[in-house]
Amino acid sequence: MISVFKIKSAIKNKVKQRKMNDQNKDQFEIRKEKLESFQSKNIEAYPNSYNKKLDAAEALRKEEGESVKVAGRIMSKRVMGGSAFCHVKDSTGKIQFYIRKNKVGPEKYNFFKEIDIGDFVGVKGELFITNTGEKTVLAEDMKLLGKSLRPLPEKWHKLQDTETRYRKRYLDILVNNDSSLLFKLRSRTISRIRSILEDKNFIEVETPMLQPIPGGAVARPFKTHHNTFDTDLFLRIAPELYLKRLLVGGWDRVFEIGRNFRNEGISTTHNPEFTMLEVYSAYTDYRFMMELSRNIISGVGEMIKEAGYEASVDLTNGWQEKNIWELMSKYTGIEFDPGDSFDELNKKADKLDIPPGKDSPEKVADRIFSKYVEPELISPTLVTGYLSKFSPLAKSSPEDERIAERFEIFIGGQEIGNAYSEQNNPLIQREIFTRQLKEKTAEPDFSDITEIDSDYIEALEYGMPPASGLGIGIDRLIMLLTGAESIREVILFPMLKPLR
RNA sequence: GGGCCCGUAGCUCAGAUGGCAGAGCAACGCCCUUUUAAGGCGUGGGUCGAAGGUUCGAAACCUUCCGGGCUCACCA
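Residues numbered from 1 in each chain as written. Chains lettered and ligands numbered in written order. Predicted model: local features only at pLDDT ≥ 70, side-chain atom pairs only at ≥ 80, totals over all residues. Heavy atoms only, no water.

S.K.: Please clarify how the sheet that holds strand β11 (residues 273–282) should be interpreted in this entry.
M.R.: Strand pairing in a sheet takes place through backbone hydrogen bonds and is either antiparallel or parallel in direction. In space, the 8 strands of this open sheet follow the order β6-β10-β11-β16-β15-β14-β13-β12, with mixed pairing throughout. Each edge of the open sheet carries a strand with a single partner, namely β6 (203–204) and β12 (320–323). Note: β12 against strand β13 (residues 381–384), 4 bridges, orientation parallel. The residue bridging Glu321 from the neighbouring strand is Leu382, located in β13. In this fold helix α7 (residues 177–199) packs onto β6, β10 (253–261) and β11, with an angle of close to 155° to the strand it touches most, β10. (Pairing = 2+ DSSP bridges. Helix = DSSP H or I, 4+ residues; strand = E, 2+ residues; numbered from the N terminus. Contact = heavy atoms within 4.5 Å. Axes fitted to C-alpha atoms, helices over the stretch in contact; angles between N-to-C directions.)

Here it is as structure tokens:
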């Protein structure tokens with residue numbers, strides 16, 4: 001039944017595809033014909049290289065009268081009979097060139113007229129200033145470096161359609177400067193985080209993304225299969241358990257920036273693959289990570305300022321530490337206590353218009369927190385007081401066994417990170433894993449998970465130093481820094497339904 | 001998965017109550033040697049997301065499907 005439907009729709013698509021091409025015919029076909037005519041005239045439309053001398057931005061810093069050689073994509077073309085102005089764009093910006101028939105001769109000029117917006121060209125010539133004051137290259141020669149067969153989005157309104165912007169991100173970053181800047185800022189942010197950690201003698205490592213038993217978080221994993229070993233593997237949901245194996249091996253300060261994969265819902269704050277920073281530091285507890293996360297986030301905040309951006313929230317000042325139970329009491333007006341039973345919690349939830357039900361108490365508390373407290377946590381807030389029983393990889397506080405040595409970072413009403421003192425007692429860890437497994441396998445979604453990661457427990461049995469760990473969601477951090485409304489705006493190629 | 005909204009030319013968008021599918025940019029032709037959203041004259045371009053239905057007549061109304069956005073739920 002399914003296959004019949006699929007075949008039908010596949011046929012429809014073939015037909016549609018052909019029609020799409022027909023629709024493009026005008027501009028696409030015309031450009032293809034130009035390409036063919038170039039080839040017949042022995043003009044190479046796709047040369048292998050070009051000896052570009054200067055980026056656009058560099059060329060613009062040169063003086064009037066100096067000779068420059070630049071290259072890029074033609075973004076605009078204004079022809080006035082025997083002369084024309086074009087803007088050429090490379091990764092550093094745009095520069096204008098001016099080409100004149102009586103300067104380059106009729107043959108070259110006519111060739112220039114064949115060149116389309118979107119084509120890559122190289123231009124050399126002297127700089128001059130136009131009547132309207134723009135530094136411009138007076139072309140002595142122009143070379144085609146790459147023919148474009150499809151028209152670019154419109155120059156004034158640019159590319160607006162959200163879906164097309166995500167699916168054809170190359171067009172988005174080409175014509176929408178804001179988008180291009182955002183992703184460059186993302187890159188710089190990650191590189192800044194890296195340098196902050198390296199300065200503190202953390203070393204960057206890479207751990208497996210293909211794991212036999214996905215651990216380090218609770219989430220539905222993606223499943224895959226390795227042919228040679230004929231074994232099922234999972235895409236990691238977190239690198240945590242591998243990074244802590246490195247602590248066992250004596251590497252005291254490690255971090256990883258990389259992709260995690262969670263087979264769950266997609267929303268404005270969730271992409272199935274997302275980038276996490278995880279940091280581990282031996283001989284420290286979660287207090288150390290409070291300091292470190294502040295260093296990282298305010299460091300990034302400073303960089304943003306230096307780059308001329310303004311983060312929507314002050315990331316340097318106003319940091320505070322708050323207890324989750326006090327926060328919940330404050331923002332709901334109902335007293336909450338870590339000792340609350342499931343029943344009591346449900347009753348309070350009911351008063352707050354939160355559906356109670358068969359869920360675990362953690363979920364109920366989390367719902368209350370998400371609805372009433374989270375949106376209020378605008379300036380950076382380190383939230384403590386999480387229950388040990390819902391922090392399976394964290395150590396409990398020596399003062400109160402019920403409470404984990406753990407905090408989460410909230411900024412701009414969003415969870416940005418999570419940190420705790422790491423559980424290094426192999427006996428306790430095994431017990432917790434075993435209990436978790438029983439609970440998990442009761443749910444159909446986790447039926448693939450049939451055993452605990454005893455390899456990890458074995459590592460712990462060799463002895464792991466006391467340590468603290470921190471995880472920061474990079475995508476959400478970037479959202480915060482740029483004020484992006486959706487995680488898709490900060491991921492170059494976000495997950496979309498494949499077009500059939 | 002539920003609710004609301006969107007899909008019209010390569011791009012950006014108009015098309016009240018059903019009556020011959022439009023504009024700007026881009027393209028093509030002509031004019032134009034300092035323009036910059038260049039300008040002037042002219043031309044071509046559409047299975048109105050898809051399929052059914054209602055109707056004398058559907059881009060518009062109804063149903064289903066496809067894709068997207070927001071939101072709730074699920075979920076860190």
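S.K.: What am I meant to see in the packing of aromatic side chains here?
M.R.: Remark: the centre distance and the inter-plane angle together describe each pair of aromatic rings, the angle taken between the planes. One pass over the structure, following the stated rule, counts 8 aromatic pairs. Plain terms: the ring middles of Tyr109 and Phe112 are 5.8 Å apart, the flat faces sit at 40° to each other, and that makes the pair tilted. Pair noted here: Tyr109 and Phe112 are both in helix α4 (residues 106–114), with a separation of 3 residues, about one helical turn. The exposure class assigned to Tyr109 is buried, which follows from its relative accessible area of 1%. Cluster of aromatic residues (ring-pair linked, three or more members): Phe85, Tyr98 and Phe128. Between Lys69 and the ring centre of Tyr50, over which it is positioned, the NZ or CZ distance is 5.0 Å. Sitting over the face of the ring of Tyr386, Arg406 holds its NZ or CZ atom 4.7 Å from the ring centroid. (Phe/Tyr/Trp six-rings, centres within 6.5 Å; stacked < 30°, edge-to-face > 60°. Buried < 20%, exposed > 50% of the residue type's maximum accessible area, 1.4 Å probe, protein only. Lys NZ or Arg CZ within 6 Å of the ring centre and 35° of its normal.)

S.K.: Any chance you could explain the sheet that holds strand β7 (residues 210–211) here in plain terms?
M.R.: The 3 strands are arranged β7-β9-β8 in an open sheet whose pairing can be described as antiparallel. This sheet does not close on itself; its edge strands, each paired only once, are β7 and β8 (223–226). Both β8 and strand β9 (residues 231–235) contribute to a ladder of 4 bridges, which runs antiparallel. Residue pairing for β9: His225 is matched across the bridge by Asp232.

S.K.: Help me understand the domain arrangement of chain A in this model?
M.R.: Much of the literature gives interface size as the accessible area that the parts lose upon coming together. Looking at the assigned domains, one finds that chain A contains domain 1 (56–146) and domain 2 (175–319 + 379–489). For domain 1 versus domain 2, the separation of C-alpha centres amounts to 49 Å. (Domains from an automatic or database assignment.)

S.K.: Whenever I open this one, the pattern of salt bridges confuses me. Can you help?
M.R.: Pairing is possible between side chains of opposite charge, provided their charged atoms come close. Here the structure, examined in full by the defined rule, presents 27 salt bridges. Linking Arg31 and Asp116 is a salt bridge whose minimum nitrogen-to-oxygen distance equals 3.8 Å. Pair noted here: Arg31 is in helix α1 (residues 2–40) and Asp116 is in the loop between α4 and β4 (120–129), with a separation of 85 residues, a long-range link. Arg31 gets classed as buried once you look at its relative accessible area, which sits at 8%. Exposure remark for Asp116: the relative accessible area of 11% places this residue in the buried category. The residue Arg245 makes a salt bridge to Asp455 at a minimum N-O spacing of 2.8 Å. Taken together, the residues span a long stretch of sequence, with Arg245 in helix α8 (residues 240–248) and Asp455 in helix α14 (residues 454–461) at a distance of 210 residues. (Salt bridge = Lys/Arg side-chain N within 4 Å of Asp/Glu carboxyl O.)

S.K.: Sorry if this is basic, but what is going on with a negative patch on the surface here?
M.R.: Negative charge collects at one region of the surface, where Glu335, Asp337, Asp343 and Glu344 lie side by side. Summarising the element assignment, Glu344 is placed in helix α11 (residues 342–351). For Glu344, a relative accessible area of 38% translates into the label partly exposed. (Patch = residues over 30% accessible without salt bridge, like charges linked within 9 Å, V, L, I, M, F, W, Y side chains within 5 Å. Areas by Shrake-Rupley, 256 points an atom, 1.4 Å probe, with all protein chains shown as cover. Lys, Arg positive; Asp, Glu negative; His and termini not counted. Charge placed at Lys NZ, Arg CZ, Asp CG, Glu CD.)

S.K.: Teacher, can you tell me more about unusual backbone geometry here?
M.R.: Working note: non-glycine residues mostly have negative phi, and peptide bonds are mostly trans. A positive phi angle, close to 60°, is found at Lys158, a residue other than glycine. Relative to the assigned elements, Lys158 resides in the loop between β5 (135–146) and α5 (162–167). Phi at Tyr283 is positive, roughly 65°, even though this residue is not glycine. You can see Tyr283 is positioned in the loop between β11 and α9 (286–306).

S.K.: Just checking my understanding: could you explain the environment of Phe234 for this structure?
M.R.: Following the sequence through the fold, Phe234 ends up in strand β9. By relative accessible area, Phe234 is classed as buried at 5%. In this view, Phe234 contacts Met209, Leu210, Gln211, Pro212, Pro214, Pro221, Phe222, Lys223, Asp448 and Ile449; residues no more than four positions away in its chain are not counted.

S.K.: Is there a simple way to explain the pairing of strand β15 (residues 414–421) in this structure?
M.R.: One face of the sheet, then the other: side chains in a regular strand alternate in exactly this way. When you tally the buried positions in β15, you get 6 out of 8 residues, the bulk of the element. Direction of pairing for strand β14 (residues 406–411) relative to β15: antiparallel, over a ladder of 6 bridges. If you follow Arg406 over to β15, its bridge partner there is Tyr420. Between the antiparallel neighbours β14 and β15 lie 2 residues, among them Gly412 with a positive phi of about 60°. In this sheet, strand β16 (residues 467–473) lies alongside β15 in antiparallel orientation, the contact comprising 5 bridges.

S.K.: Honestly, helix α15 (residues 474–482) in this entry has me stumped. Any pointers?
M.R.: Structural remark: α-helix, 3.6 residues per turn; residues separated by three or four positions point the same way. Burial analysis of α15 places 8 of its 9 residues in the buried class, which makes it a mostly covered element. For α15, every residue scored as buried is listed here: Ile474, Asp475, Arg476, Leu477, Ile478, Met479, Leu480 and Leu481. In the core, the buried residues of α15 are packed alongside α7, β11, α9, β14, β15 and β16. Of the residues trailing α15, Gly483 is marked for its positive phi of about 70°.

S.K.: Looking at this model, I keep getting lost on the packing of helix α13 (residues 426–441) against α14. Mind explaining?
M.R.: Working note: a packed helix pair is described by the angle between its axes plus the distance between those axes. Between α13 and α14, whose axes approach to 9 Å, the crossing angle comes to 165°. Classified by the interaxial angle, the pair formed by α13 and α14 is roughly antiparallel. Like other packed secondary-structure pairs, α13 and α14 cross with a definite hand, here right-handed. Packed against α13, whose contacting residues are Pro426, Gln429, Arg430 and Phe433, the element α14 presents Ser454, Tyr456, Ile457, Leu460 and Glu461 at the interface. Classifying every residue of the contact of α13 with α14 gives 5 nonpolar, 2 polar and 2 charged. (Parallel < 35°, antiparallel > 145°, perpendicular 65-115°, else oblique. Left-handed = near helix turned anticlockwise from the far one by under 90°. Nonpolar A, V, L, I, M, F, W, Y, C, P; charged D, E, K, R; others polar.)

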